[in-house]
Amino acid sequence: MSQHKQVDTLVIGSGPGGYTAAVRSAQLGMKTIVIERGQIGGVCTNVGCIPSKALIAESHRYNLYRQWSRSGASDFFAEAQAFKQSVVNKQSGGVQYLLQTAGVTVLEGEANLIDKHTAMIKQSESEQLISFKYAILATGSRPIELRALPLGGRILSSTEALALSHIPASLVVIGGGYIGVELGQMYAKFGSKVTILEGGRQVLPGFEADLVAPVIKQMNIDGMTVVTEATAVKAEQDADGLTLHYIKNEEQHFVRAEYALVTVGRRPNTDGSLGLERIGLPTTSKGLIETDEQCRTVIPNIFAIGDITDGPALAHKASYEAKVAAEVIAGQPSVVDYKAIPLVVFSEPELASVGLSETECTARAIPVVIGKSSFGINGRALALKATEGFVKVIANSESGMVIGAQIVGAEASTLISELTLAIEMGATVEDLAMTIHPHPTLGEVIMEAAGNAVRKISKNK
Ligand code: FAD
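Keep in mind it's a predicted model, so treat the numbers as computed, not measured.

What counts and what doesn't
- Residues numbered from 1 in each chain as written.
- Predicted model: local features only at pLDDT ≥ 70, side-chain atom pairs only at ≥ 80, totals over all residues.
- Helix = DSSP H or I, 4+ residues; strand = E, 2+ residues; numbered from the N terminus.
- Buried ≥ 20, exposed ≤ 12 C-beta atoms within 10 Å, placed from the backbone.
- Contact = placed C-beta atoms within 7 Å.
- Near = placed C-beta within 6 Å.
- Nonpolar A, V, L, I, M, F, W, Y, C, P; charged D, E, K, R; others polar.
- Core = buried A, V, L, I, M, F, W, Y, C linked by C-beta atoms within 7 Å.
- Expected span 1.5 Å × (residues − 1).
- Pairing = 2+ DSSP bridges.

**Student:** So what's going on with the overall build of the protein? Which residues, and what values?
**Tutor:** The number of helices and strands found in the protein is 14 helices and 22 strands. For the C-alpha atoms alone, the extent of the protein along its principal axes is close to 65 × 65 × 45 Å. For the protein, buried positions account for 47% of its 461 residues. When contacts within the protein are restricted to residue pairs at least 6 apart in sequence, long-range pairs at least 24 apart make up 67% of them.

**Student:** Run through the site of the ligand, naming residues and quoting values.
**Tutor:** Near the ligand lie 35 residues; those nearest to it are Gly 13, Gly 15, Gly 42, Gly 140 and Gly 306. Listed by contribution, the elements that provide at least two residues to the shell around the ligand are helix H1 (16–27), strand S2 (32–36), helix H2 (42–47), helix H3 (49–65), strand S4 (110–115) and helix H9 (315–329). Its residues assigned to classes, the shell around the ligand comprises 15 nonpolar, 16 polar and four charged.

**Student:** Outline the nonpolar core, supporting the account with residue identities and numerical values.
**Tutor:** Among the nonpolar cores identified, the biggest contains 136 residues, and Leu 137, Ala 260, Ile 305, Ala 325, Val 393, Val 402 and Ala 450 are the most heavily contacted of them. By residue number, the principal contributor to this core is H9, which donates nine residues. Ignoring any residue separated from it by four or fewer positions in sequence, one finds Val 402 in contact with Val 393, Ala 395, Leu 419, Ala 422, Ile 423, Ala 427, Thr 428, Val 429 and Leu 432.

**Student:** Requested: an account of helix H6 (residues 178–189), with residues and values cited.
**Tutor:** With 12 residues, H6 ought to run about 16 Å at 1.5 Å a step, and its terminal C-alpha atoms sit 16 Å apart, in line with that. Those residues of H6 lying buried are Tyr 178, Ile 179, Gly 180, Val 181, Glu 182, Leu 183, Gly 184, Gln 185, Met 186, Tyr 187, Ala 188 and Lys 189.

**Student:** I'd like to hear about the sheet that holds strand S11 (residues 225–227), residue by residue, with values.
**Tutor:** Spatially, five strands are ordered S8-S15-S9-S10-S11 in an open sheet, and the strand pairing comes out parallel. Across the chains shown, the open sheet's two edge strands, defined by having one partner strand only, are strand S8 (155–156) and S11. Note that strand S10 (residues 193–197) and S11 share three bridges and pair parallel. Pairing of Leu 197 across the sheet is with Val 227, part of S11.

Listed below in structure tokens is the structure:
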């Protein structure tokens, strides 16, 4: 065993939660070590957000390219995979640079908590003990495996699906959440025959039906088949592919495909040798760690952030909590405020939501006005041939304050930030409507939707 290190903050995991926490902790003057058992940058950088968005962007470029070129999809796909890897490498290099310049020590290895102030770091050929004043747990999550469809062979998780060396002739996606829809549509755009099996009544459950409708329309144009209220029960693999059996309306059906992709959610990495039981840190029935508004667990010197805590499993939620945890450790009065966490689906068209939805406002009996405006009447959207979709702004009808917004349409992922800021700053729909937006831009649709809400409020007065 090598020497016993002592630090102020030990961060376990280097995903968007862990690396942000480590950088912030070091910036605030604390001696910080981050431990990573896999790849620096975690799921997001290596097998999540970044590679998926690189391949999705390539699938769109392929659709443009095939209109002009006769060369095959497989050549394009090989280049797309190489491009994806170069993006991942650059991003991972960027994370390492950030950690290094902040003065964080990075250790490869698996951290096992021994007690409330000590971790054993297991490396390939050695072990070392680290004592810490504080720990930030940021161990992330892994794909949920279905007992009926164990991963392996032709049954893939998102990690393997992002690394295929060829375009599958056909793909059945089990689970129509955002990862299933993004990767399913990506492969459909590369030419795979894609079927999505979703247990609920619509794909992208959680988003309102009017928002999802333009995405379903495009999925049909892309030649995808969506089967809702379907439960996958078993898969038989053979040399050419697999037969996936599912139940719908109490009847057995099957679909043939070259591969099955299982995207039914993610499980927090709080089990195994991490040692939570050993130090007396409980988890919920879902394996999550409970924290207070400062990201502190029931053990006062141990914090937990990101996918291992409650709330949406998203990179920007993890990095937001990371800053709060590091600042609290440094003695600052930071607290989390979850009223404005944007959710984005990188489908075509893109879908984004922040704050409350219409349904949530009704359930909470909040009096609201809704201002809506379509991309169909926006000059920039017409010029971009991107007229599908709309912006919906939800405001409290008494105060005019923006409390929620949803967008389906081109660049929804970027546009949602303006509405996130509006909620964060307590802006009213009048503030949005009176803000000068450059012309011609897609952002003018937000201004128009807010203007419609303002007119409704004045009419009701
Ligand atoms: P992770 O990124 O999971 O990192 C945890 C790290 O901890 C891992 O590297 C792991 O190796 C390490 N670790 C675990 N246990 C130990 C241990 N005992 N010792 C040492 N190291 C350990 N989110 C978005 O916001 N936008 C998107 O567009 C998006 N797209 C996605 C697409 C896909 C296909 C997937 C799978 C996910 C996507 N996500 C997206 C979700 C996002 O990747 C996660 O929410 C985010 O990575 C969570 O960050 P984290 O820091 O909590 O953990």
